[in-house]
Amino acid sequence: MKDFFENVTDSLGDELIKGIAIALSIIMLFSGGFFFGTITSPKAAEDTAVNATEAPQTTQATTAPTTQPTTAPTTQAPAENNGGETATTAPQASNGEKTTAEIIQLYNDSANKVKTSATQVVKNYEYRRMNEETMVVPSALKGMASTIIPKFMSDDLEPQVYDTPDLIKEKFIVPKADYTSKLTEADVVEATCTDNGTEYEIMIKVKDETNPVQGAGVGAAFDVLEMGDMTSGEYGNMIKKFDCQYFDCVLKCKIDKASGNMTWANYKTPLIMDMEVNMLGTHQVSCEVSFEKDYTITY
């Protein structure tokens, strides 16, 4: 069984979030042999399951940001990004500070230039965390889950260099897309911009979202996992329901004022995966994880 899990881990490669969910599903796959070897009746098997109500159900609600943007809101949507051209349509704040719309446009323009103009992107590190206290699996298998899942959740501290246009497009934020950001003001709960003289330092927090899709909401500026990603593949038919709750997602970056080039970016994406797995009956499987990716960009 150990060799099997190691082979599965190797085959998943960089698809880490998918790997975690599949790992949980594989645990359920092997639960048949485990249960039949230790439990004498289906009723006893049901009695060993962790009650879904034991898992905190208020994480998203309690962590959802309640503050309003610190910058002045506007009613005018940011202009469509055109391959890195600086937008001039966002209204200026009366106090000279950038409005939310201006900050988003500044971020979009510089972020999208990464995929059109950058010569090298280095992923400096990726921190990965799992909250075992909120994990929900059948109790008899919780120890197994705690052993297997960390295979997918160890920090990646080895810098990864992307030095061709194809690699940058495939590996940088919103992977395999021609853009890095399609954020709009409607997606954002808070945005700040600090002018330190030679560069802008930007922070953007997006609204919480369940089951985002690429290109909109959280998926407009972060890597997200969609239901179709989970139901494909060898074990996809085991997953009958999959919800992915993203909360407190924050991006930060530095932009050179003279060139408009983004030189550094950091993305934090906490999420809760909640699945219904069909194996020896229906089981609720849930896990709270978070990822932090840090990049340096050169031109």
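Here goes a summary of the coordinates provided. (Residues numbered from 1 in each chain as written. Predicted model: local features only at pLDDT ≥ 70, side-chain atom pairs only at ≥ 80, totals over all residues. Heavy atoms only, no water.)

Focus: the nonpolar core
- Core analysis: the largest hydrophobic core is formed by 56 residues, its most contacted members being Tyr107, Val121, Phe172, Leu183, Ile204 and Tyr267.
- Looking at this core, the elements with two or more residues in it are α5 (100-117), β1 (120-136), β3 (188-195), β4 (199-206), β6 (239-246), β7 (250-256), β8 (262-278) and β9 (282-298).
- The dominant element in this core, judged by the number of residues it contributes, is β8, at seven residues.
- Beyond its immediate chain neighbours, meaning those up to four positions away, Tyr267 contacts Tyr107, Phe172, Ile173, Thr180, Ala221, Phe222, Val250, Leu251, Phe291, Glu292, Lys293 and Tyr295. (Core = buried A, V, L, I, M, F, W, Y, C linked by side-chain atoms within 4.5 Å. Buried < 20%, exposed > 50% of the residue type's maximum accessible area, 1.4 Å probe, protein only. Helix = DSSP H or I, 4+ residues; strand = E, 2+ residues; numbered from the N terminus. Contact = heavy atoms within 4.5 Å.)

Quick look at unusual backbone geometry
- One non-glycine residue, Val174, lies in positive phi territory at about 55°.
- Mapped onto the elements of the fold, Val174 is located in the loop between α8 (165-171) and β3.
- Take Val174: its relative accessible area is 1%, and that puts it in the buried class.
- With a phi angle near 55°, Asp248 is a residue other than glycine that sits in the positive phi range.
- Along the polypeptide, Asp248 turns up in the loop between β6 and β7.
- With a relative accessible area of 23%, Asp248 lands in the partly exposed category.

Structural notes on the packing of aromatic side chains
- In the structure shown here, the tally under the stated rule is five aromatic pairs.
- Look at Phe172 and Tyr267: their rings are 6.4 Å apart centre to centre, the planes differ by 80°, and that puts the pair in the edge-to-face class. Taken together, the residues span a long stretch of sequence, with Phe172 in the loop between α8 and β3 and Tyr267 in strand β8 at a distance of 95 residues.
- Cluster of aromatic residues (ring-pair linked, three or more members): Phe172, Phe222, Tyr267 and Tyr295.
- One Lys or Arg, Lys182, reaches over the ring of Tyr179 and ends 4.4 Å from the middle of that ring.
- Here Lys254 stacks its cationic end above the ring of Trp264, 5.7 Å away from the centre of that ring. (Phe/Tyr/Trp six-rings, centres within 6.5 Å; stacked < 30°, edge-to-face > 60°. Lys NZ or Arg CZ within 6 Å of the ring centre and 35° of its normal.)

Comments concerning α5
- With 18 residues, α5 extends 25 Å between its outermost C-alpha atoms, agreeing within 8% with the 26 Å of an ideal straight helix rising 1.5 Å per residue.
- A large share of α5 lies buried, amounting to 16 of its 18 residues. (Expected span 1.5 Å × (residues − 1).)

Let's talk about the pattern of salt bridges
- Following the criterion strictly, the structure yields nine salt bridges and no others.
- Of the charged contacts in the structure, one is a salt bridge between Asp178 and Lys169, with a shortest N-O distance of 2.9 Å.
- Classification of Asp178 by relative accessible area gives exposed; the value is 58%.
- For Lys169, a relative accessible area of 33% translates into the label partly exposed. (Salt bridge = Lys/Arg side-chain N within 4 Å of Asp/Glu carboxyl O.)

Worth remembering: the numbers are spatial, not functional.
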